[in-house]
Amino acid sequence: MKPAHKDVSDLTEDEARAELARLAKEIAKHDRAYYQKDEPVISDAAYDALRHRNAAIESRFPDLKRDDSPSERVGAAPAEEFTEVEHLVPMYSLGNAFDAGDVEDFIKRVRRFLGLDEDETLALTAEPKIDGLSANLRYENGELVVGATRGDGRTGENVTENLRTLADIPKTLKGSGWPKRVEVRGEVYMSHDDFAALNERQRKQGKAEYKNPRNAAAGSLRQLDPAVTARRPLKFFAYAWGDVSEPLGETQLEAVERLDAFGFTTNPLMERVESLEAALKVYEEIEAQRSRLGYDIDGVVYKVDRLAWQDRLGYVSRSPRWAIAYKFSPEKATTRLERIEIQVGRTGAMTPVAKLEPVTVGGVVVSNATLHNEDEIARKDVREGDFVVVQRAGDVIPQIVEAVKKRRPNDAKPYEFPTVCPCPLKTPAVREVNERTGEKGAVRRCTGEFACPYQRREHLKHFVSRSAFDIEGLGGKQVEEFYDDGVIAEPADIFTLKARDEAGEIEPPLREREGWGEKSVSNLFDAIAARREIDLWRFLNALGIRHVGETTARLLATVYGSWDAFFETAKKADDADSSKRQTLIDIDGVGQVAADSIGRFFDEAHNAEALDRLLEQVSIRDAEAPAAESPVSGKTVVFTGSLEKFTREEAKARAQSLGAKVSSSVSGKTDYVVAGPGAGSKLKKAEELGVEVLSEQEWLDLIAG
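None of the values given here were measured: they were computed from a predicted structure.

### Some points on the domain arrangement of the chain
By the assigned domains, the chain splits into domain 1 (3-72), domain 2 (95-327), domain 3 (330-447), domain 4 (449-531), domain 5 (535-621) and domain 6 (636-704). The C-alpha centroid of domain 5 is placed 25 Å from the C-alpha centroid of domain 4. Across the boundary between the two partners, domain 4 contributes 16 residues, which contact 16 residues of domain 5. Interface area for domain 4 against domain 5, summed over the two sides, is near 1400 Å², with a carbon-plus-sulfur share of 59%. For Glu 490, the salt bridge is made with Arg 613, and the minimal N-O distance between the two is 2.7 Å. Taken together, domain 4 and domain 5 are joined by 5 residue pairs in polar contact (both at pLDDT 80 or more).

### A look at unusual backbone geometry
A cis geometry characterises the amide bond from Glu 507 onward to Pro 508, with omega recorded as -5 degrees. By secondary structure assignment, the location of Pro 508 is in the loop between helix H15 (497-502) and helix H16 (518-529). Its identity as a non-glycine residue notwithstanding, His 547 has a phi of 70 degrees, on the positive side. Looking at where His 547 falls in the secondary structure, it is placed in the loop between helix H17 (536-542) and helix H18 (550-560).

### Side note on the environment of Gly 263
Note on placement: Gly 263 falls in the loop between helix H8 (252-261) and strand E9 (271-273). With near-sequence residues (within four places) excluded, Gly 263 lies in contact with Asp 168, Pro 170 and Lys 174.

### A look at the UniProt feature "binding site: NAD(+)" (unreviewed entry) in the chain
UniProt's feature table lists "binding site: NAD(+)" (unreviewed entry) at Asp 44, Ala 45, Ala 46, Tyr 47, Asp 48, Ser 93, Leu 94, Glu 127, Arg 150, Glu 187, Lys 303 and Lys 327, given in the numbering used throughout. Structurally, the position occupied by Tyr 47 is in helix H2 (residues 44-60). Given the relative accessible area of 16%, Tyr 47 is considered buried. Among the structural elements, Glu 187 can be located in strand E7 (residues 181-189). Not counting the four nearest positions on each side in its chain, Glu 187 is found in contact with Ile 130, Gly 132, Leu 133, Ser 134, Lys 235, Phe 236, Phe 237 and Tyr 239. Within the structure, the side chain of Glu 187 is placed 3.4 Å from the backbone nitrogen of Leu 133, a separation counted as a polar contact.

### As for the sheet that holds strand E23 (residues 636-640)
Reading across from one edge, E24-E23-E25-E26 is the order of the 4 strands in this open sheet, with parallel pairing throughout. On the outer flanks of this sheet lie strand E24 (661-662) and strand E26 (692-694), each paired with one strand and no other. Pairing geometry for E23 and E24, over 2 bridges, is parallel. Bridging across to E24, Thr 636 finds its partner in Lys 661. Relative to the sheet, helix H25 (residues 696-704) contacts E23, strand E25 (672-675) and E26, its axis offset from that of E26 by approximately 100 degrees.

What counts and what doesn't
Residues numbered from 1 in each chain as written. Predicted model: local features only at pLDDT ≥ 70, side-chain atom pairs only at ≥ 80, totals over all residues. Heavy atoms only, no water. Domains from an automatic or database assignment. Contact = heavy atoms within 4.5 Å. Buried area = accessible area lost by both parts, 1.4 Å probe. Salt bridge = Lys/Arg side-chain N within 4 Å of Asp/Glu carboxyl O. Polar contact = N/O pair within 3.5 Å; in protein donor to acceptor, adjacent residues only side chain to side chain. Helix = DSSP H or I, 4+ residues; strand = E, 2+ residues; numbered from the N terminus. UniProt positions renumbered as here; feature names shortened; annotations may be inferred. Buried < 20%, exposed > 50% of the residue type's maximum accessible area, 1.4 Å probe, protein only. Pairing = 2+ DSSP bridges. Axes fitted to C-alpha atoms, helices over the stretch in contact; angles between N-to-C directions.

See the structure below:
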């Protein structure tokens, strides 16, 4: 049996970095096996577990996210045997839900994003998630011109002639009124009966059998000879679209009905629902029919029905905000919950972790499980001493599904979530209230900040991390050791380490400690000395201000250019009437929440004193000055709509590097609005104000000059 991987909650920073490298390599290997060779070597559940472990580590260590992170990638590059086809609109993957609570959270997120009142109906469509091979069909003037696989989400394999052999795919659209150009998307699959018949023929001909219907469908579609595909009983369900020259309707349901009218087969189990209860009922009904459908499904997909709302919701990373896949139940096991421990993170978040009697779930030994927050504990009525059902899904820090009430010990008492931090100071812990919405946050946080030893230790680990000071030889493990021994208590102590060690103030001296020697200590001191001069963005990120991660730190460094310029603004960020605070909020990518955090950080006396001591030890390099002579230097730019030639972050970064200011809102001071497909209110306001509107290509032509 393979050794179990360490729980995400127990990883050190160095271990997390190594684990992310391993996962990136392993997931890429499985993507090639699945998308290119149609020969997956692990189950879907095992593959999901790899992706979710990667996501969980990135969530805990956001600064370690790799450039080749699987969380930014969909599928795999097209195989060399096929020519490439660029999708006019990328083919995104779906985010996953693994229990009813995840579906409820999805609906709440959508409502919050759209600003819907409680009494306003949010309709969803619900349909089976087909376990097949995604395909994109481009029609022009009603004729099929190109058919392609998903590929890496942006570029797929040209399998047009193979797709033409499927009876479910019309070569010419039926009826009338279809758009001049439309990308129809759906799933190529094989029924259970056809799969059994195909494998019977394979056996009689002495050929290898396919492992499952999905492999058979993918292998059949990706034949180099279309005649082979024509002999395979492939089917196709249409359920979505990409680029379209004119809207298919106002709702998801209406648009899918149009696809049906064009001659496509759509799934008869698709329903429109208007509540969480109705959505979950459809899930239960479809799951109950799963074994009798005659084809493979692995969950239910929910989509916001109103297409205008889909456009407003947009996309995040590799997934749409307006859709989610509720996967069928993963592997589960039952064990005893021995105790609940509270872990305190860098931002003071108190996370309850269930300590379990070790149990094997899906081939992995599990001893810890997340309980998320105190509301989750109360909702599930989980108590110390309970037998609990555990599943490995979602966070690969496994989740507790429920307590087995029939096996509950007589002396088990409801868990009382602590209202003080478990640190020796017993600092009060509170649930913050959003001043704008009045809603109480789900997470209880210790209010001690740097006074809390748990937060101070996590702050120090963040301070030396890769995207902060990045001091070679001083990782998370060494920081914990030095902190626990009283050698380092705050960032400035790192830079006085050599002087204190040589003066005999550290006992025992570093060179006499386990794992250290003359050479390693000398190397550490050299590495620390090399970081006495630091880039502005690294310094800002290292401070560990809540809501100011690496991306925001880089943005602030670009906008302000120097520490003095930023510091002058930061000192006023807590003043609601300050013009400097308003300029901070106006920076696209910063906003009010981050501005509030910056204000609180610099207004706190302990932070200010620690910062003064740190600034005595280090100097901060100004950010590289933006191009002074660029065509957009000094101009204010707003990006809106779905950008296709670059990501929003790439667009912002390029504009700022050329000396432009990127804003999130259109005003009379805006010089350019760069509008992609789906641009809405910002485009309309630009037109009303007479602001110059550019397409993506016009923007590229402008900055090229």
